[in-house]
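# Structure assessment
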Amino acid sequence: MSLMKDLAPHMTVLHPLQTKAVVMLCDIKDTIKDELEPKLKDISAQSSLISLQFSQEDLGERFKACTTRIFDEIQGILKEHSKDKTLIQVVVSKYGQQQLYQGLAGLLKTAALENPTMAAQLIEIEQQETAENLLEKLKENSQNPEDKQISYRNGKRYIEAL
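Residues numbered from 1 in each chain as written. Predicted model: local features only at pLDDT ≥ 70, side-chain atom pairs only at ≥ 80, totals over all residues. Heavy atoms only, no water.

### A word on unusual backbone geometry
Phi angles above zero are rare outside glycine, and Asp27 is one such case at about 55 degrees. Counting through the fold element by element, Asp27 comes out in the loop between β2 (19–26) and α1 (30–36). Given a relative accessible area of 12%, Asp27 falls into the buried group. You will see that Asn154, though not glycine, has its phi angle at about 50 degrees, which is positive. (Helix = DSSP H or I, 4+ residues; strand = E, 2+ residues; numbered from the N terminus. Buried < 20%, exposed > 50% of the residue type's maximum accessible area, 1.4 Å probe, protein only.)

Written as C-alpha cells, this is what we have:
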C-alpha cells in the first residue's frame, strides 16, 4: 500500500524542445479533450493527446482495454527509437469505479524504469475538473517528471510516498 503526501511541485525542468509529451485521457469527458488539445503546445512543442474511451459495460473489461491501449501506445513510442525524452501523462478520475485505473501506475512505472528516455506519470484528477485547470496541472507535472503518481484532492496536489 502506498501513501500519498501533500507536496507542492519543486520544478525539475525538462527542456520542452527536447521532450515529446503524450497525454492520455482515460474515460475523461470528450469536452475536456476538445478544449485541451489546441493548448497542449504549452507543455511541449511535440505534444499529442489521446482520448481513451471505452464502451464496455464491465469495468474489468474497460480496465483491460485501457491497459492494452496504453501498452500499445508505449510500444509505438519505443519503436520510434527517438533520442528525445518522452513524457507520458495518463489522466484518470479518482472517483467511483474509475478508481480501478490507479492500477495503471504499475504499468507506467515499469515502462519508465525499462526505458531511460521515458518518464511516465499517472495523474488522478477531481471529478469536476475543467480543461483549463487540467492544462495547468499537466504543465506543473511536466516540470516534475520524477513524480510518478500524482493525485489532486480538494485542490491540493499529493504524490505517492513509499
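### Observations regarding the nonpolar core
In globular proteins that are soluble, nonpolar side chains generally tend to be buried together. By size, the foremost hydrophobic cluster in this structure holds 23 residues, and its most contacted members are Met24, Cys66, Ile70, Ile88, Val90, Leu104 and Leu108. Looking at this core, the elements with two or more residues in it are β2, β3 (46–52), α2 (59–79), β4 (85–93), α3 (104–114) and β5 (118–125). In this structure Cys66 touches Cys26, Leu52, Phe54, Tyr101 and Leu104, once residues within four positions along its chain are discounted. Leu25, Ile28, Leu40 and Tyr152 belong to the second largest nonpolar core, which has 19 residues in total. (Core = buried A, V, L, I, M, F, W, Y, C linked by side-chain atoms within 4.5 Å. Contact = heavy atoms within 4.5 Å.)

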